[in-house]
Amino acid sequence: MDIKAYIILSLVLFTIGIVGVLVRRNAIIIFMCVELMLNAVNLLLVAFSKMHAMSTAAKASANFASDAQIFVFFIMVVAAAEVSVGLAIIVMMYRNVHTVDVNFLNRLKN
Amino acid sequence: MNAIILSAIWGVIMMFCGVFIKSKTTPKYIAIAGLISILSSSVFEYLNHKSFFKIQINDMLRFDNFNLAFIALILLCTLIYFLLNGAEIEKVGEHVGEYYALIFFILSGIAIAATFNTLLMLFIGIEIISIPLYILTGSDKRNLKSNEAALKYFLMGAFSTGIMLMGITFIYGGTPNATFYIDKIMLGTGQMPILISVGLLFIMVALSFKVSAAPFHFWTPDVYDGAPTVFTSFMSTIVKVAGFFAFIRLFEHAFGSMQDQWQKLITYITITTLLIGNITAVFQQSVKRMLAYSSIAQAGFMLLAVFALNDKAKEGMLLYTAAYSLATIGIFGVLTKMEDYTIDGFNGLAKAQPTMALTATIFLLSLTGVPLTAGFQSKFFMLMAAVENGHQFWIVIVAVLFAAISAYYYFRIIQAMYFKDANENTIITTTINKPFLYMLMLIALMIVIIGIYPEIIIGWMYR
């Protein structure tokens, strides 16, 4: 399949993520949108890895195609670490104000 | 390599200290002892170019004089930070050992972000810096402002991580060599492929987020204001400088040959950062918030190093690391002792605490860039780098003008300390002990010495 299809699909996912972060007001939903952005990146990385593996020019380097696939695992691990910290912060917030609405975050403005 | 591994190990040790040691003051001494050993081992590595650890790293990290000197300098600044703020960290909450552990993990991340040679290590380093910082920001658990700052910082940080990863992916897709190694991404000086230029733009945006350059600075004042003051001091100095170091390293090694294609963008970011940082700082009433905006303004000056990318810029970056970190750690150290964080809270401090007022004056003069202080030398080197670069000379004039504006808001504090009468708010309830004052004097002395002999720091680059 053409690489363009993968690029378009993951850009659409990425844009949904960005728009969600900017528009939604619920902290958990924003958080899910960030995860969506990361997964769009994962998809594109794997697609590019396959694209490079099929082209002949890249065969000069020793591990030319597996780099990106290993990168994907690192992204998953870091995303998991981020989830654990992020959910802890959201829970801490919920215990104090009993809401996860980010419109509540205006005490620091003045 | 020593700094990366030893500080990660020491982070784990500090976590166990939090479990097994009930005393609140002991973790400070263990942390200081650990930091001294890490500092001396990384100085050893800098002198001999030999690590204690033989690890197959596949050339993913690269160590040279410049970044080993930077790591040693960062560790020295952290040591001073610990010595000055040990008592304040104990006041933040119950889990003192854990705070130190998180700071050690951040140091490990800084060492990775300063030595990376692949985009993978850049990502890992930046994340190891960011994730513990989210926790430190929210460490004052009962305080709503701290909660809010942590949530805001976390959402913005995760968002910018996503953008940076998209940039890395585009660069990987665009490079014909199918590699993440930064020096193999682009060979030659031709027009960038479209995927690489989009990726460059994404990474530039994400790193600007991390170093709080305008127009991506909007989280900075809120987060710096809400976080406990000791940790604001840490993240606005050491962490921010490390972000700049990663920024410079990436753009020098990966995209240095195509500087003419992206230099305009950096110019715009620099000018906006200087403008927004300095102008908004003028209107602040809270000193903590003003220092947050001043850190944005100083980031504008550090961006000049990314703009110029020559040897002078690297020298300037080392000097800026020392000058900016020392002065800001010092002024935040004074701020933690104040009851009232507004500028009026500083009224008449010179009469009540002459030593504190005098050292604070030196810190503020250094931040302004008055001659005979380290701040002057660092700003001078940055401007000289921009002049030597040869393109867009007007950026230097703009930078000097904004440095003059910055004098207004720094001098307002000096004026409050020396020329205004004390009100009830000025009275400092916490007792100031002697070692704290000695540390302040030591920092002030270092600032003046670096201001007179900048070769002390610059010489580290050439050995």
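Just so it is clear, the model here is predicted, and its values are computed rather than measured.

About the thresholds
- Residues numbered from 1 in each chain as written.
- Chains lettered and ligands numbered in written order.
- Predicted model: local features only at pLDDT ≥ 70, side-chain atom pairs only at ≥ 80, totals over all residues.
- Helix = DSSP H or I, 4+ residues; strand = E, 2+ residues; numbered from the N terminus.
- Buried ≥ 20, exposed ≤ 12 C-beta atoms within 10 Å, placed from the backbone.
- Contact = placed C-beta atoms within 7 Å.
- pLDDT = per-residue confidence, 0-100.
- Core = buried A, V, L, I, M, F, W, Y, C linked by C-beta atoms within 7 Å.
- Expected span 1.5 Å × (residues − 1).
- Axes fitted to C-alpha atoms, helices over the stretch in contact; angles between N-to-C directions.
- Parallel < 35°, antiparallel > 145°, perpendicular 65-115°, else oblique.
- Left-handed = near helix turned anticlockwise from the far one by under 90°.
- Nonpolar A, V, L, I, M, F, W, Y, C, P; charged D, E, K, R; others polar.

## Some remarks on the overall build of chain A
Reasoning step 1: Check the secondary structure of chain A and you find 3 helices and 0 strands.
Reasoning step 2: Helices and strands appear in chain A in the N-to-C order α-α-α.
Reasoning step 3: Residue burial in chain A is summarised as follows: out of 110 residues, 30% are buried.
Reasoning step 4: By sequence separation, contacts in chain A at least 24 residues apart represent 50% of the contacts at least 6 residues apart.

## Some details on the overall build of chain B
Reasoning step 1: Within chain B, the secondary structure is distributed over 18 helices and 0 strands.
Reasoning step 2: With respect to the three principal axes, the spread of C-alpha positions in chain B is 65 × 55 × 45 Å.
Reasoning step 3: Among the 463 residues that make up chain B, the fraction classed as buried is 60%.
Reasoning step 4: Taking contacts inside chain B between residues at least 6 apart in sequence as the whole, the part at least 24 apart equals 82%.

## Describing the confidence of the model for chain B
Reasoning step 1: Averaged over chain B, the pLDDT score is 91; the fraction of residues at 70 or greater is 98%.
Reasoning step 2: On the interface metric, ipTM, the complex scores 0.93, and its pTM is 0.94.

## Focus on the nonpolar core
Note on soluble globular proteins: their nonpolar side chains tend to be buried together.
Reasoning step 1: The biggest cluster of nonpolar side chains holds 205 residues, and the ones touching the most others in it are B:Ala113, B:Ala242, B:Phe245, B:Leu304, B:Ala305 and B:Ala323.
Reasoning step 2: When residues no more than four places from it in sequence are discounted, the contact partners of B:Ala305 are B:Ile248, B:Ala313, B:Gly316, B:Met317, B:Met382 and B:Ala385.

## Let's talk about helix α5 (residues 119–137) of chain B
Reasoning step 1: With 19 residues, α5(B) should cover 27 Å at 1.5 Å per step; its first-to-last C-alpha distance of 27 Å lies within 8% of that length.
Reasoning step 2: Of all 19 residues in α5(B), 17 are buried; the element is thus mostly enclosed.

## Things to note about the interface of chain B and chain A
Reasoning step 1: Contacts between the two partners involve 34 residues from chain B, matched on the other side by 37 residues from chain A.
Reasoning step 2: Those elements that provide at least two residues to the side of chain B that touches chain A are α5, α6 (144–174) and α8 (219–226) of chain B.
Reasoning step 3: Here the side of chain B that touches chain A gets 18 residues from one element, more than from any other, and that element is α6(B).

## Structural notes on the packing of helix α12 (residues 311–336) of chain B against helix α15 (residues 374–389) of chain B
Residue and element names in this part refer to chain B.
Reasoning step 1: Contact geometry for α12 and α15: axes closest at 8 Å, N-to-C directions at 155°. As summarised for this structure, α12 and α15 are arranged roughly antiparallel, according to the angle between their axes. Of the two elements, α12 crosses α15, and the hand of that crossing is left-handed. Where α12 abuts α15, its residues Lys-312, Ala-313, Glu-315, Gly-316, Leu-319, Tyr-320, Ala-322, Ala-323, Tyr-324, Leu-326 and Ala-327 lie against Ala-374, Gly-375, Gln-377, Ser-378, Phe-381, Met-382, Met-384, Ala-385 and Glu-388.
Reasoning step 2: Classifying every residue of the contact of α12 with α15 gives 13 nonpolar, 4 polar and 3 charged.

## A few points about the environment of A:Leu105
Reasoning step 1: With respect to the helices, strands and loops of the structure, A:Leu105 is situated in the segment after α3 (66–97).
Reasoning step 2: What makes A:Leu105 buried here is the crowd of 22 C-beta atoms within 10 Å.
Reasoning step 3: Sequence-distant contacts of A:Leu105, defined by excluding residues within four places in its chain, comprise B:Glu148, B:Leu151 and B:Lys152.

## Some words on the packing of helix α11 (residues 287–308) of chain B against α15(B)
All names here are of chain B.
Reasoning step 1: In contact at an axis separation of 9 Å, α11 and α15 are set at 30° when each is read in the N-to-C sense. Between α11 and α15, the interaxial angle falls into the category roughly parallel. You can see that α11 and α15 cross each other, and the crossing is left-handed. Of the residues in α15, those touching α11 at Phe-301, Leu-304, Ala-305, Phe-307 and Ala-308 are Lys-379, Met-382, Ala-385, Ala-386, Glu-388 and Asn-389.
Reasoning step 2: Class assignment of the residues belonging to the contact of α11 with α15 gives a composition of 8 nonpolar, 1 polar and 2 charged.

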